[in-house]
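# Analysis of the macromolecular model
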Amino acid sequence: MNCILVFIWIFGLTRLCISLVNWLTEIKFPDAGRLAPKPFVSILIPARNEEERIGNLLAALSHFRYTPLEIIVYDDNSTDRTAQLITTAAVLNPGIRLIKGSPLPEGWLGKNYACHRLALEAKGEFLLFLDADVLVEDGLIDRTLGYMKRKELHLLSVFPKQLFCNPGTRLSVPLMNWILLSLLPLPLVPATHTESLTAANGQFMLFRAGTYYQLLPHQAFRNNPVEDMAIAKAFKKQKFKIATLLGDKHIQCNMYNSLQESIQGFSKNIFSFFGNSKVCCILFALVTTSAPFIIFLTMGKQAGYAYICLILLLRLVTTLASRQPVLQNLLLIIPQHLVFLIIIITALQGHKNRKIIWKNRNIYSLY
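Structural notes, computed from the coordinates. (Residues numbered from 1 in each chain as written. Predicted model: local features only at pLDDT ≥ 70, side-chain atom pairs only at ≥ 80, totals over all residues. Heavy atoms only, no water.)

With that settled, the discussion passes to the overall build of the protein chain. Helix and strand content of the protein chain: 16 helices and twelve strands. At 21 Å, the protein chain has a C-alpha radius of gyration in line with the 21 Å of a compact globule built from 367 residues. Dimensions of the protein chain, computed from C-alpha atoms along their principal axes, come out at roughly 70 × 45 × 35 Å. Looking at the protein chain residue by residue over its 367 residues, the buried ones come to 52%. Intrachain contacts of the protein chain at a sequence separation of at least 6 include 81% that bridge at least 24 residues. Here the protein chain displays about 16400 Å² of accessible surface, and carbon together with sulfur accounts for 60% of that area. (Helix = DSSP H or I, 4+ residues; strand = E, 2+ residues; numbered from the N terminus. Rg over C-alpha atoms; globule rule 2.2 N^0.38 Å. Buried < 20%, exposed > 50% of the residue type's maximum accessible area, 1.4 Å probe, protein only. Contact = heavy atoms within 4.5 Å. Areas by Shrake-Rupley, 256 points an atom, 1.4 Å probe, with all protein chains shown as cover.)

Quick look at the pairing of strand β4 (residues 126–130) now. Summarising burial for β4: five of the five residues are buried, a large majority. Burial along β4 is two-sided: the residues Phe126, Leu128 and Leu130 and Leu127 and Phe129 are all buried. The pairing of strand β1 (residues 41–47) with β4 spans four bridges and is parallel. Of the residues in β4, the one forming a bridge with isoleucine 43 is leucine 128. Strand direction decides the pairing type here: β4 and strand β8 (residues 204–208), joined by five bridges, are antiparallel. (Pairing = 2+ DSSP bridges.)

Here the focus is the sheet that holds strand β7 (residues 161–162). Judged by pairing direction, the sheet is mixed, and its three strands sit side by side in the order β5-β10-β7 without closing on themselves. Edge strands, defined here as strands with exactly one partner in the open sheet, are β5 (134–136) and β7. The sheet contact formed by β5 and strand β10 (residues 251–253) spans three bridges and is antiparallel. If you follow valine 136 over to β10, its bridge partner there is isoleucine 251.

Structure below.
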């Protein structure tokens, strides 16, 4: 039992230290850099059934003052008004171009194929892949390109600042950064080629075009449901420097519209936060769930309250680093953790039943 108690305390304190590193070091969105001359940038957007979101993104991109710039959207066989909205936006802004999706080839995941097709059509020196559900502000390209050039990066990924527009997202979305920022020191991502010290988010991935076409990563990982992480690790394996940052108002995202959609979305990639290991994910859940009870039962009230303070401090620091509402996340710790357990159970059931649905497609066979 003593060994278990020591492990619990060391694990909790280590996560707190990692969170503090992420909060206090330069992982925030960079200031704008001077770009002269400005390189041609291709903004590439895969979209499938995004009629509620694509219009807002294209309208915001149309107000970007950055030039030279092209915007290409791939409609992945949407069954709603996505293609129509893209066409309307293209009439208002000739810089927007629509690619109508073809039937999905065997062995490809929809988003991966869309990104690959987009890259083949792009002309830019830099390729910026954006998900259709992000919200952006002018200055995004200048700041990220400036940072990328100063740091001599080949890939820059950004975790957008998350918005919470409904109760379901308040209970689920904060879990992503709670896990990430307490397990991975983001400053180590560009500092080492170690593949385990890698993080990436497909909502924003900015590539040097030359490096992208050398590796063709979306084609290489055509059937990987967590292609963003696979691509980032592949870049590290090839000794190409990458970095991961946390976004601010320049790039935000309302990922899901309900708790059910959040659970379905996170359950398809929850294991990727733990190196694609179900065992590590389950152990993490067991430790974080049982630790307070173990401390109270074996070490008494004082130690128990001290551990509760550790939990609260950890949540506070990850929330501050993520620029999320502090009081909200502190008050919702317990229900958020219950949702975390539900996500894991849902993921395990999906693998057991060989059925993981995303965007109306069963992607289980791709795991």
